[in-house]
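# Coordinate analysis (summary)
Read off the chains here:
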Amino acid sequence: MLIPFGLIALLGAIILVFLAIGASSIAIALKTAVLLGLIFLSMVIVIMSVKVVPKNRRLLILRLGKFAGIRGPGIVIVDIIETTIPIDLIPDENKVIIPIIAPRYKECRAVLTLRCYRPMDNRMLGWIVNAFFDALGRTIVRVPTQQLEEFEETLMKFALSSIQRTGCRLLDLKIVPR
């Protein structure tokens, strides 16, 4: 594991400060510097793991690349090993906006227009997003080098059957640039 040069410089500076203040030995200064470094590092990790999610947005949580759930709105705590993907909701129009995670279409978002037979909560949204990513994976594996219009048609075909099992009906699917 590589230790960043800035961290080494910070620890060295802390040791020098404690020696200048009058620490009785370099061992005490080193222990204090390591302790302060660990406290600083843990505070940075805690600050980076707290996210505030607005009312019309949810976070798709991927733990080591696998679907782990939907969180939000409100204050969300995310582990170090988790990746978050923002999902926008437009409740008045029954739309869900999902960023596409595919190498060729990275700068695009999918806008799904749905008709749900019951109110959409995080559990149902998790089913919909999971079904969408399943359809996205099947589309990319089948025809990886298609144009955007063909990609949209193929994705719509696969997503119709996948999303219908969640208790919602997919009315429209558009691929739009970010």
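The rules we used
Residues numbered from 1 in each chain as written. Predicted model: local features only at pLDDT ≥ 70, side-chain atom pairs only at ≥ 80, totals over all residues. Heavy atoms only, no water. Helix = DSSP H or I, 4+ residues; strand = E, 2+ residues; numbered from the N terminus. Buried < 20%, exposed > 50% of the residue type's maximum accessible area, 1.4 Å probe, protein only. Contact = heavy atoms within 4.5 Å. Areas by Shrake-Rupley, 256 points an atom, 1.4 Å probe, with all protein chains shown as cover. Pairing = 2+ DSSP bridges. Disulfide = S-S within 2.5 Å. Phe/Tyr/Trp six-rings, centres within 6.5 Å; stacked < 30°, edge-to-face > 60°. Lys NZ or Arg CZ within 6 Å of the ring centre and 35° of its normal. Polar contact = N/O pair within 3.5 Å; in protein donor to acceptor, adjacent residues only side chain to side chain. Patch = residues over 30% accessible without salt bridge, like charges linked within 9 Å, V, L, I, M, F, W, Y side chains within 5 Å. Salt bridge = Lys/Arg side-chain N within 4 Å of Asp/Glu carboxyl O. Core = buried A, V, L, I, M, F, W, Y, C linked by side-chain atoms within 4.5 Å.

This brings us to the overall build of the protein. Along its length, the protein carries four helices and eight strands. Going from N to C terminus, the protein has its helices and strands arranged as α-α-β-β-β-β-β-β-β-α-α-β. Going through the 178 residues of the protein one by one, you find that 34% of them count as buried. Contacts in the protein between residues at least 24 apart in sequence constitute 47% of all its contacts with a sequence separation of at least 6. In the structure as shown, the protein presents an accessible area of about 11300 Å², 65% of it carried by carbon and sulfur atoms.

Bridging between strand E2 (residues 57-63) and strand E5 (residues 82-90) involves seven bridges; their strand directions are antiparallel. Of the residues in E5, the one forming a bridge with Ile-61 is Thr-84. Both E5 and strand E6 (residues 95-99) contribute to a ladder of three bridges, which runs antiparallel. Within E6, the position partnered with Asp-88 by the bridge is Ile-97. Taking the residues that link successive antiparallel strands as the turn, the E5-E6 hairpin has four residues, and the phi of Asn-94 there is positive, at about 55°.

In this section: the state of the cysteines. This model, assessed by the stated rule, comprises one disulfide. Note that Cys-116 is cross-linked by a disulfide to Cys-168, the S-S spacing being 2.2 Å. Torsion about the S-S bond of the Cys-116 and Cys-168 cystine: about 100°, corresponding to right-handed handedness. Residue Cys-116 is located in strand E7 (residues 108-116), and its partner Cys-168 is located in strand E8 (residues 168-177); the two are separated by 52 residues in the primary sequence. Since its relative accessible area comes to 24%, Cys-116 is described here as partly exposed.

Turning next to the packing of aromatic side chains. Per the counting criterion, the structure on display carries one aromatic pair. Of note, Lys-157 hangs over the ring of Phe-158, and the distance from its end group to the ring centre comes to 5.4 Å.

Next up on the list: unusual backbone geometry. In this structure, Pro-73 follows Gly-72 across a cis peptide bond, with omega equal to -10°. Structurally, Pro-73 is set in the loop between strand E3 (66-71) and strand E4 (74-77). With a phi angle near 55°, Leu-64 is a residue other than glycine that sits in the positive phi range. Tracing the sequence through the fold places Leu-64 in the loop between E2 and E3. In this structure, Asn-94 is a non-glycine residue whose phi angle is positive, near 55°.

Once that is clear, we can look at the side chain of Thr-166. Among the secondary structure elements, Thr-166 is positioned in the loop between helix H4 (148-164) and E8. Within the local environment of Thr-166, its side chain forms a polar contact with the backbone oxygen of Ile-163, the two atoms lying 2.5 Å apart.

Let us now look at the environment of Gly-74. By the element assignment, Gly-74 lies in strand E4. For Gly-74, a relative accessible area of 26% gives the class partly exposed. Sequence separation between Gly-74 and Lys-55 is 19 residues; the distance between their C-alpha atoms is 7.3 Å.

Taken together, the side chains of Leu-30, Val-34, Leu-38, Leu-41, Ile-45, Leu-64, Ile-80 and Ile-81 present a nonpolar region at the surface, about 770 Å² in accessible area. Judged by relative accessible area, Val-34 falls into the partly exposed class, the value being 39%.

In this section: the nonpolar core. Core analysis: the biggest nonpolar cluster contains 31 residues, and Leu-112, Phe-132, Leu-155, Ile-163, Leu-170, Leu-173 and Ile-175 have the highest contact counts within it. When residues of this core are traced back to their parent elements, those giving at least two are E2, E5, E6, E7, helix H3 (122-142), H4 and E8. The leading source of residues in this core is H3, at eight residues. Not counting residues up to four positions away in its chain, the partners in contact with Ile-175 are Ile-100, Cys-108, Arg-109, Ala-110, Leu-148, Phe-151, Glu-152 and Leu-155. Grouped together as the second largest cluster of nonpolar side chains are five residues, Val-53, Leu-59, Ile-61 and Val-78 included.

Nothing here speaks to function; it is geometry throughout.
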